Amino acid sequence: MRPVAIEVNDLHKSYGDRSVLAGVTFAVGQGEIFGIAGRNGAGKTTTVEILQGLRRRDAGGVAVLGFDPARERRRLSALVGAQLQTSALPDRLRVGEALRLFARLAGDRVQWRELAREWRLDELLAKQFATLSGGQRQRLFLALTMVNEPRLVFLDELTQGLDPLARRETWQLIERARDRGTTVVLVTHDMDEAERLCDRVAVLHEGRLVTCGRPVGLVTALGTVRVRFSSPSGASLGGLTRIPGVSRIGYDGRMADITADPVAVVPLAGELARRELSPADFTVIRPSLQDAVVSLLDGGLR
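The paragraphs below set out a description of the structure included in this document. Everything numeric here is computed off the predicted structure, so don't read it as measured data.

Observations concerning the environment of Arg 200
Thinking step 1. Within the fold, Arg 200 resides in strand E8 (residues 200-205).
Thinking step 2. The class for Arg 200 is partly exposed, based on a relative accessible area of 23%.
Thinking step 3. A sequence separation of 98 residues divides Arg 200 from Asp 298, and the C-alpha atoms of the two residues are 21 Å apart.
Thinking step 4. A distance of 2.5 Å separates a polar side-chain atom of Arg 200 from the backbone oxygen of Ala 27.

A short note on the sheet that holds strand E2 (residues 18-29)
Thinking step 1. On the basis of which strands lie adjacent, the open sheet formed by 3 strands has the order E2-E1-E4 and antiparallel pairing. Edge positions in the sheet fall to E2 and strand E4 (59-64), since each has one partner strand and no second. Averaged over neighbouring strand pairs, the angle between their axes works out to 15 degrees when direction is ignored.

Points about the pattern of salt bridges
It is possible for side chains bearing opposite charge to pair when their charged atoms get close.
Thinking step 1. In this structure the tally under the stated criterion is 19 salt bridges.
Thinking step 2. Between Asp 190 and Arg 167 there is a salt bridge, with the nearest N and O atoms lying 2.4 Å from each other. Taken together, the residues span a long stretch of sequence, with Asp 190 in the loop between strand E7 (183-187) and helix H7 (191-197) and Arg 167 in helix H6 (residues 164-179) at a distance of 23 residues. Judged on exposure class, the residue Asp 190 and its partner Arg 167 are both buried.
Thinking step 3. When the shortest N-O distance is used, the salt bridge between Arg 196 and Glu 175 registers 3.0 Å. You can see Arg 196 sitting in helix H7 and its partner Glu 175 sitting in helix H6, a full 21 residues away along the chain.
Thinking step 4. Residue Arg 196 is classed as partly exposed on the basis of its relative accessible area, which comes to 34%.
Thinking step 5. On the basis of relative accessible area, Glu 175 is assigned to the buried category, the value being 17%.
Thinking step 6. Members of the salt-bridge network, linked through shared partners, are Arg 226, Arg 228, Arg 248 and Asp 257.

Overview of the side chain of Lys 44
Thinking step 1. Turning to its location among the elements, Lys 44 is positioned in helix H1 (residues 44-51).
Thinking step 2. Here Lys 44 sits buried without a salt bridge, and the closest side chain of opposite charge, Glu 157, lies 4.9 Å off (N-O distance).
Thinking step 3. Only 3.1 Å separates the side chain of Lys 44 from the backbone oxygen of Gly 38, close enough to count as a polar contact.
Thinking step 4. In this structure the side chain of Lys 44 is engaged in a polar contact, spanning 3.0 Å, whose partner is the backbone oxygen of Arg 39.
Thinking step 5. Not counting residues up to four positions away in its chain, the partners in contact with Lys 44 are Ile 36, Ala 37, Gly 38, Arg 39, Glu 157, Val 187, His 189 and Leu 204.

Analysis parameters
Residues numbered from 1 in each chain as written. Predicted model: local features only at pLDDT ≥ 70, side-chain atom pairs only at ≥ 80, totals over all residues. Heavy atoms only, no water. Helix = DSSP H or I, 4+ residues; strand = E, 2+ residues; numbered from the N terminus. Buried < 20%, exposed > 50% of the residue type's maximum accessible area, 1.4 Å probe, protein only. Polar contact = N/O pair within 3.5 Å; in protein donor to acceptor, adjacent residues only side chain to side chain. Pairing = 2+ DSSP bridges. Axes fitted to C-alpha atoms, helices over the stretch in contact; angles between N-to-C directions. Salt bridge = Lys/Arg side-chain N within 4 Å of Asp/Glu carboxyl O. Lys, Arg positive; Asp, Glu negative; His and termini not counted. Contact = heavy atoms within 4.5 Å.

Have a look at this one:
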């Protein structure tokens, strides 16, 4: 077990008559990348705002790095960095000016020029914020979250709107922060991002915690895979449902599409070989984290 960085117990928050969080409980280990996922309005952003002391909870217990963010926000803020969903800087502010200013406000704990080199911003120091690309802005925002050498970083929808190359570059930067020992809480809609980065993912739905676990565990819980391969005729597929774990066989006149438990894949391949069918395009399609979360929210909840 990792030492605990965040403890949340029976967290509640309402806006008027609308309940946003209704008894959410989870813990985040030190040095973990912890994802918070769910649809719009699920309570993700409200949760991280409460954890940072930006919003007060109605009920429940919260401890972040041993502090209550509602009562000890000033002490906690020295240990935390954040990049929020609506982060922005003045258009004419230059990259070097932003780094120097934020480093000074944080007490010059780090040398801002070294920070620029580490986050590959040294060639952008004279550029104004308005002229930066999406990926360059995210690199700058990540660097600014590190000016106080935080033990914990909150990132909200970090890669929204970025092109694929900029997204992957940003993912590498997040992994670099984790490798330095920083705990990362990542709010995201992007399940590819969560599957790539997160040690564990909490899924919220209408203010409640639906599940929390490792991405591979959430995917495995779906329990089935698809096996696809070309087949000369549907007749050659007859009887395959007798293999334990094979639940469905589809055939469109060219491709076989079989749904089965993972343990049935090897016996299925063996049976095809026994029938002298050895398709070169035999492919096992495992579900993704997005498949698991969508299934959980659409089907499992009902």
